[in-house]
Amino acid sequence: MDTLSYKTISANAATVEKNWIVVDAQAAVLGRFSSEVAKILRGKHKTSYTPHVDCGDNVIVINADKVRLTGKKWNDKVYVRHTGYPGGQRISTPKLLMQKSAPILVEKAVRGMLPKNRLGRQLYRNLFVYEGPEHPHAAQQPKEHKF
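- As recorded in an unreviewed UniProt entry, the protein chain goes by Large ribosomal subunit protein uL13 and comes from Belliella aquatica.
- Looking at the Sequence similarities (unreviewed entry) heading of the UniProt record, one finds this comment for the protein chain: "Belongs to the universal ribosomal protein uL13 family."
- UniProt, in its Subunit (unreviewed entry) section for the protein chain, records the words "Part of the 50S ribosomal subunit."

This is the structure in structure tokens:
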């Protein structure tokens, strides 16, 4: 017989319970909204959270084109990337990214808040971002989530 009356239970791929959640980004501040989405993707809102397992839920973000940024960040915030060639540094602002494609802005914000390893790449696959109020995941019967 064990002397402990309790055991620490670790989740694994077989025991984890994944749900589908719909989140509305309308009038939400980008950073605050993205941190909440990242927590859900990671699974930190569950009692069965295990750091090395993908135990988070699948998240559907709607109305990504209506997200807000505070202050002068639409023009002053800078996203820097490099092509890999000499002199290949490219700079873009949230305003330019929004004109190109609204979901990119939310995806970049959430991805930056996930772990930078294999687990983070797996978690990122559970994020689905759409510009308007419609999404093609009605068959999964997602639940609404308010922040």
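Still more ground to cover, so stick around.
**Side note on helix α4 (residues 102–111)**
Since one α-helical turn is 3.6 residues long, residues separated by three or four positions face the same way.
Phase 1 of the analysis: Within α4, burial applies to Ala102, Pro103, Leu105, Val106, Ala109 and Val110. Relative to the axis of α4, the buried residues are bounded by an arc of 155 degrees and lie together on one face.
Phase 2 of the analysis: Those residues of α4 hidden inside the fold are in contact with α1 (30–42), β2 (58–62), α2 (73–76), β3 (79–82), α3 (94–100) and β5 (127–129).

**Quick word on the nonpolar core**
Phase 1 of the analysis: Counting residues in each nonpolar core, the largest one holds 29 residues, and the members touching the most others are Leu30, Phe33, Val37, Val59, Val61, Val106 and Leu127.
Phase 2 of the analysis: Secondary structure elements with two or more residues in this core: β1 (20–24), α1, β2, α3, α4, α5 (118–124) and β5.
Phase 3 of the analysis: Looking at which element gives the most residues to this core, the answer is α1, with six residues.
Phase 4 of the analysis: Not counting chain neighbours up to four residues away, the residues in contact with Val37 comprise Val59, Val61, Val110, Leu127 and Phe147.

**Quick notes on the pairing of strand β4 (residues 89–92)**
Phase 1 of the analysis: Here β3 pairs with β4 via four bridges, running antiparallel. Counted as the bridge partner of Tyr79 is Ser92 from β4.
Phase 2 of the analysis: Hairpin remark: β3 followed by β4, antiparallel, with six residues in the connecting loop; positive phi at Gly84, about 105 degrees.

**Some points on the sheet that holds β2**
Phase 1 of the analysis: Taken in spatial order, the four strands make up an open sheet running β5-β2-β1-β6, and their pairing is parallel. Every other strand in the sheet has two partners, leaving β5 and β6 (143–145) as the edge strands with one partner each. Strand-to-strand twist in this sheet, taken as the mean axis angle between neighbours without regard to direction, amounts to 25 degrees.
Phase 2 of the analysis: As judged from the three bridges shared by β2 and β5, these two strands associate in the parallel manner. Each bridged residue has a counterpart across the sheet, and for Ile60 the counterpart in β5 is Phe128.
Phase 3 of the analysis: With respect to the sheet, α1 is in contact with β1, β2, β5 and β6, its orientation differing from that of β2 by roughly 155 degrees.
Phase 4 of the analysis: Those strands touched by α4 are β2 and β5, and its axis lies near 155 degrees from that of β5.

Calculation notes
Residues numbered from 1 in each chain as written. Predicted model: local features only at pLDDT ≥ 70, side-chain atom pairs only at ≥ 80, totals over all residues. Heavy atoms only, no water. UniProt positions renumbered as here; feature names shortened; annotations may be inferred. Buried < 20%, exposed > 50% of the residue type's maximum accessible area, 1.4 Å probe, protein only. Helix = DSSP H or I, 4+ residues; strand = E, 2+ residues; numbered from the N terminus. Arc of directions from axis to C-beta. Contact = heavy atoms within 4.5 Å. Core = buried A, V, L, I, M, F, W, Y, C linked by side-chain atoms within 4.5 Å. Pairing = 2+ DSSP bridges. Axes fitted to C-alpha atoms, helices over the stretch in contact; angles between N-to-C directions.

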